[in-house]
Every structure is written in structure tokens, then in C-alpha cells.
Amino acid sequence: MIRRRITVLGSTGSVGCSTLDLMEQAEAGGAGAFEVEALTGGANIARLAEQARRWKPKVAVTADPARLDELRDALSGSGVEAAAGEAAITEAASRPADWVMASIVGAAGLKSAWAAAGTGATLALANKESLVCCGPALIQRVKVSGGRLIPVDSEHSAIFQVFPHGAPEQVSKLTLTASGGPFRTRAAAEMGSITPEQAVAHPNWSMGAKISVDSASMANKGLEMIEAAYLFDMPAERIDVVVHPESIIHSTVEYVDGSTLAQMGPPDMKTPIACALGWPDRLPWPAPRLDLAALGRLTFEAPDEARFPLLGLARRSLQAGGAAPIIFNAANEVAALAFLDRRLGFLNIAAVVADTLSRMTASGVDSGSHNACDAALAVDAEARRVAESIVRGLAAAA
């Protein structure tokens, strides 16, 4: 039986809810026993309170200080402490736990992931931005604390499961697979009229709105390329991306002898979450089963970087190093959210990212190592300011 003391950062989001669902299933089936130290969520107070009443954490935290009284009222009589704000989330992440799920979306999750990395816990990392902005320093922080980092993105989980961790020199290449998103076959001339509703309608995966937009633009695959470089200490030229519409092979590891190992499974985020939650054991749950005969065939194609330029921009940011990946991530987040708010056209997401990278590199912001958390957040804040000004300029010109 798997026993863990758990903290879930971002418990009300898609990954957080799936984590708690898996814990529920494991306990019901006698495969796990879990004590919850802390839960943190965003604006969905009703869901956070429901989770807290079920799992009885020491503390439940909302990111919005204005909602603290609402959370206190919702938890009245439960014995669960209520807290609110960024500092409270960081404190929750610092509490003693065996296993921490870091699934707060965006750069907002960076401080809490950094705090959790210093506790010695196993850090299940679903927050892309933590690695993109602070990858080498975050990984080192986990090692120094005596903890372990397990990636939860399906692609990195796939690599993690078949990677020779004790002998990385045996690996010649990593290949990340991409579904291609909802616009894989969309003609370039039609992409200017894409709506937020179309962008979030992913053909295979159930994800939050911002991550779905990143999948539609292939920015997510660019971010994952940067993550893979840091997680597995692999240079950009040895990381490939291939479009695989069925989303059955989640990534591959090519060895120096020509062998290639692939991790396969139906497209369900609970599988990589279960891998992280049970590691080094396997956590049984009623997962969808892979039926290769029913599938019939698996298909692959090269990504079209002319229609999806964010993939190339991410690779160049990784090769540039320094603060460039931080700038890429921040500008993309601003642009993607502006698109969801209907302030920016879909094709202009890449334009905002490219312009932000150009302006900040030219102004000398990318001038050294920015792997420490506070320094990364400072670059992130400046990149957001620049990107937002570009968004406003494009909106005014439209």
C-alpha cells in the first residue's frame, strides 16, 4: 500500500482535481492511504471548501486575499484553517509533506514550487513555468534538499519512465510527441479568424483554457522542449518534436545503439499523475486500456513551423539561454490570455512573443544567469510589461 502525506498546490484546477480523484480511488481500492497537509486553490471557493472538508488538511488557501472571509465561512466548523494570498500559498508549499503536487498554472506557481523544492519532499511538477524560468536552479534545489523531482507533463513523464537515469550518456536523442492541436490541418489563410472557443476545443486532451490555447499554437511544445533540456540535461539539437495526432505515444528516447523506447497509453492526464503519485511503485486505478488492434495504426508527421512559429521561437530561446526562455514564457502567457479575452488575434500571439524577445534582448535585459527564483520573477515581470504594451499597441492599430 502506498502511504503519503500530501500537499496539492492548485487543487481546484484540472490536474489538482485529478490528483485528488486518484487518491480517492486508491483509498477505496485499498491501494493507498493519504494524509493531506495543505490544499491551495484559486477563485473557486466552493470547490476548495468541498475538497478541504473531504480531505481535512491542516490548511486550505485561496490565492485571492479578498475571498478569505468567504473561505472561512465555507470551512466553518470543519477544523480546517483558512488562509489567503501569495505568502500563504508559499507557506503551505513549505509545510512538511512526503509528496507535493505543484500544479498552479503560469508563473504564479513559481514561488510555491520553489518553496516546495526546498523541503526534501518528492515534487510532482505540473507547472511548466517553474522549469522554463528556473530549471537548473530548481533541479539543484531539489537535489540539495534530498528530495526528488518527478515531471507530470505526459511527455516528460513518458521520457522519465524510459530514461536511463544512471547512464544519461547512453541517450542520443529525445523526441516529444505533439497532437498537433485543433488546427493541425487548418489552412494558413483561415487561421486569422480562429476564436477562443475553437482554440480550447482540443481533439484529444481535457485541459484548462490557457494550456489548450498553448496546444493550439504549439507554444506548449516549445515550453516542453525547454523543460526536457533542463530535466534530462539534453542540448536543443538533440531534442525533436513530431506530430502524432492519435496521442498514444507520449514521447520516445533514442539510445546510442539505435534502440528507441516509447511510453504509450491513452491520452489521460491521470496516468502520468498516477505514475508520480506511486513512484517508484505503480498505483493501480481504473485507467482506460490501450487497444492497439482497435486503433489500427499510428501516424506521424513533421511540425509545420511556418504555421506554428512559436515552436521555432522556443527552440531559439533555449539555444540563446540566459533569460530568453523566461521572456518567451512570460510573453506567451500574456498573449495567450489576451487572445482568450478577445483583445488579440490568434496569429498575433507569436508576433507578441517575437517582438518581446527582440526588444528585451536588444535592451540588454538578457545579460546573465537568471536561474534564481527572485531574479527569474524580475525578468518575468518586465517581460509581461513589455508584452502587454505590445498587445495594447496591436489592439489600437486593429
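The preceding data block contains the structure.
Position labels on residues start from 1 in each chain and follow its written sequence. Given that this is a predicted model, residues contribute local features only at a pLDDT of at least 70 and side-chain atom pairs are listed and counted only at 80 or more, while totals for whole chains, interfaces and linings are drawn from all residues. Where side-chain values are given, they derive from all heavy atoms of the structure, hydrogens and water being excluded.

**Q** Please set out the overall build of the protein residue by residue, giving values where relevant.
**A** Helix numbering and strand numbering both begin at the N terminus, where a helix is a DSSP run of H or I of at least 4 residues and a strand a DSSP run of E of at least 2. Each helix and strand counted, the protein has 16 helices and 11 strands in total. Our radius of gyration is a C-alpha quantity, and the globule rule it is checked against amounts to 2.2 Å times the number of residues to the power 0.38. Computed over C-alpha atoms, the radius of gyration of the protein comes to 21 Å, within 12% of the 21 Å expected from 2.2 N^0.38 for 398 residues, which places it in the range of a compact globule. When its C-alpha atoms are laid out on the principal axes, the protein stretches across 55 × 50 × 40 Å. Considering only intrachain contacts with a sequence separation of at least 6, the fraction spanning at least 24 residues in the protein is 67%. Only the protein chains shown count as covering a residue, and every accessible area follows the Shrake-Rupley method with a 1.4 Å probe. When the accessible surface of the protein is summed, it comes to about 15800 Å², and 51% of that surface belongs to carbon and sulfur atoms. Only four residue types enter the tally: Lys and Arg on the positive side, Asp and Glu on the negative side, with His and both chain ends excluded. In plain terms, the charge of a residue is placed at NZ if it is Lys, CZ if Arg, CG if Asp and CD if Glu. Counting 35 positive and 43 negative side-chain charges, the protein places the averaged centre of each group 2 Å from the other. What makes two residues a contact is simply this: any of their non-hydrogen atoms within 4.5 Å.

**Q** So, the sheet that holds strand β7 (residues 148-151): which residues are in play, and what are the values?
**A** Sheets are built from strands paired through backbone hydrogen bonds, the pairs being either parallel or antiparallel. Being paired, for any two strands, means DSSP has found at least two bridges between them. Taken in spatial order, the seven strands of this open sheet run β4-β3-β2-β1-β5-β6-β7, and their pairing is parallel. The outermost strands of the open sheet, each flanked by one partner alone, are β4 (81-84) and β7. Each strand axis lies, on average, 25° off the axis of its neighbour in the sheet, ignoring direction. Pairing between strand β6 (residues 122-125) and β7: four bridges, direction parallel. By the bridge assignment, T122 is partnered in β7 with R148. To obtain an axis, a line is fitted to C-alpha atoms, over the contacting stretch when the element is a helix, and the angle between two such axes runs from 0 to 180 degrees between their N-to-C directions. Its contacts with the sheet place helix α5 (residues 110-117) against β1 (2-9), β5 (99-102) and β6, and it is angled at close to 155° to β6. Here helix α11 (residues 270-278) sits on the sheet and contacts β1, β2 (32-41), β5, β6 and β7; the angle it forms with β1, its principal contact strand, is near 120°.

**Q** Please provide a residue-by-residue account of a nonpolar patch on the surface, values included.
**A** Taken together, the side chains of M264, L290, L292 and L295 present a nonpolar region at the surface, about 300 Å² in accessible area. Following the sequence through the fold, M264 ends up in strand β11 (residues 260-264). Patch construction takes residues with relative accessible area above 30% that form no salt bridge. Like charges are linked within 9 Å, and nonpolar side chains (Val, Leu, Ile, Met, Phe, Trp, Tyr) are linked within 5 Å. Here, a salt bridge means any Lys or Arg side-chain nitrogen found within 4 Å of an Asp or Glu carboxyl oxygen.

**Q** Any details on the packing of aromatic side chains? Residues and values, ideally.
**A** Stacked, edge-to-face and tilted are the three classes for Phe, Tyr and Trp ring pairs, Trp counted by its six-membered ring, which pair at centre distances within 6.5 Å; planes under 30 degrees apart are stacked, over 60 edge-to-face, the rest tilted. Across all of its chains, the model carries four aromatic pairs by this definition. Ring geometry for F183 and F346: centres 5.4 Å apart, planes at 75°, overall edge-to-face. Taken together, the positions of F183 in the loop between β8 (171-178) and α8 (196-199) and F346 in the loop between α14 (324-340) and α15 (348-362) put the pair 163 residues apart, joining distant regions of the chain. No difference in accessibility class separates F183 from F346, as the two residues are buried. Through pairs of rings, three or more aromatic residues link up here, namely F183, F339 and F346. The criterion for a charge sitting over a ring is simple: Lys NZ or Arg CZ within 6 Å of the ring centre, and within 35 degrees of the ring normal. Sitting over the ring of W55, R54 keeps its end group 3.8 Å from the ring centre. Note on exposure labels: buried denotes an accessible area under 20% of the residue type's maximum, exposed denotes more than 50%, and partly exposed covers the range between, all computed with a 1.4 Å probe on protein chains only.

**Q** Talk me through the state of the cysteines; I want residue IDs and the actual numbers.
**A** In a disulfide, the sulfur atoms of two cysteines are held together by a covalent bond. Disulfides are defined in this document as cysteine sulfur pairs within 2.5 Å. Scanning the entire structure with this criterion turns up zero disulfides. Take C134: it sits in no disulfide, and the sulfur closest to it among the cysteines is that of C373, at 5.1 Å. On the accessibility criterion, C134 (0% relative accessible area) is buried.

**Q** Outline the pattern of salt bridges, listing residues and values.
**A** All chains considered together, the criterion is met by 30 salt bridges. Between E81 and R95 there is a salt bridge; the shortest N-O distance is 3.9 Å. Remark: R95 occurs in the loop between α4 (86-94) and β5 and E81 occurs in strand β4; sequence separation between them is 14 residues. Exposure remark for R95: the relative accessible area of 16% places this residue in the buried category. Salt-bridge contacts for K173 lead to D240; the nearest nitrogen and oxygen are separated by 3.2 Å. A residue pair is termed long-range when its members are at least 10 positions apart, and K173 in strand β8 and D240 in strand β9 (residues 239-243) qualify at 67 residues. Taking the relative accessible area as the measure of exposure, K173 reaches 24% and is therefore partly exposed. One network of salt bridges, in which partners are shared, links E35, E37, K58, E81, E91 and R95.

**Q** Report on the nonpolar core, specifying residues and quantitative values.
**A** Ranked by internal contacts, the top residues of the largest apolar core, which has 135 residues, are M101, L123 and L174. Not counting residues within four places of it along the chain, the set of residues in contact with L123 comprises V100, A102, A113, A116, A117, V142, R148, L149 and I150. Definition used in this section: a nonpolar core is a set of buried Ala, Val, Leu, Ile, Met, Phe, Trp, Tyr and Cys residues joined via side-chain atoms within 4.5 Å.

**Q** So, the sheet that holds β11: which residues are in play, and what are the values?
**A** Reading across the sheet, the four strands line up as β9-β8-β10-β11 and stay open at both edges, with mixed pairing between neighbours. Every other strand in the sheet has two partners, leaving β9 and β11 as the edge strands with one partner each. Direction aside, the axes of adjacent strands within the sheet are offset by 20° on average. With five bridges joining them, strand β10 (residues 249-255) and β11 adopt antiparallel strand pairing. Bridging across to β11, I249 finds its partner in M264. This element, helix α7 (residues 154-162), spans β8, β10 and β11 of the sheet and lies at about 40° to β10.

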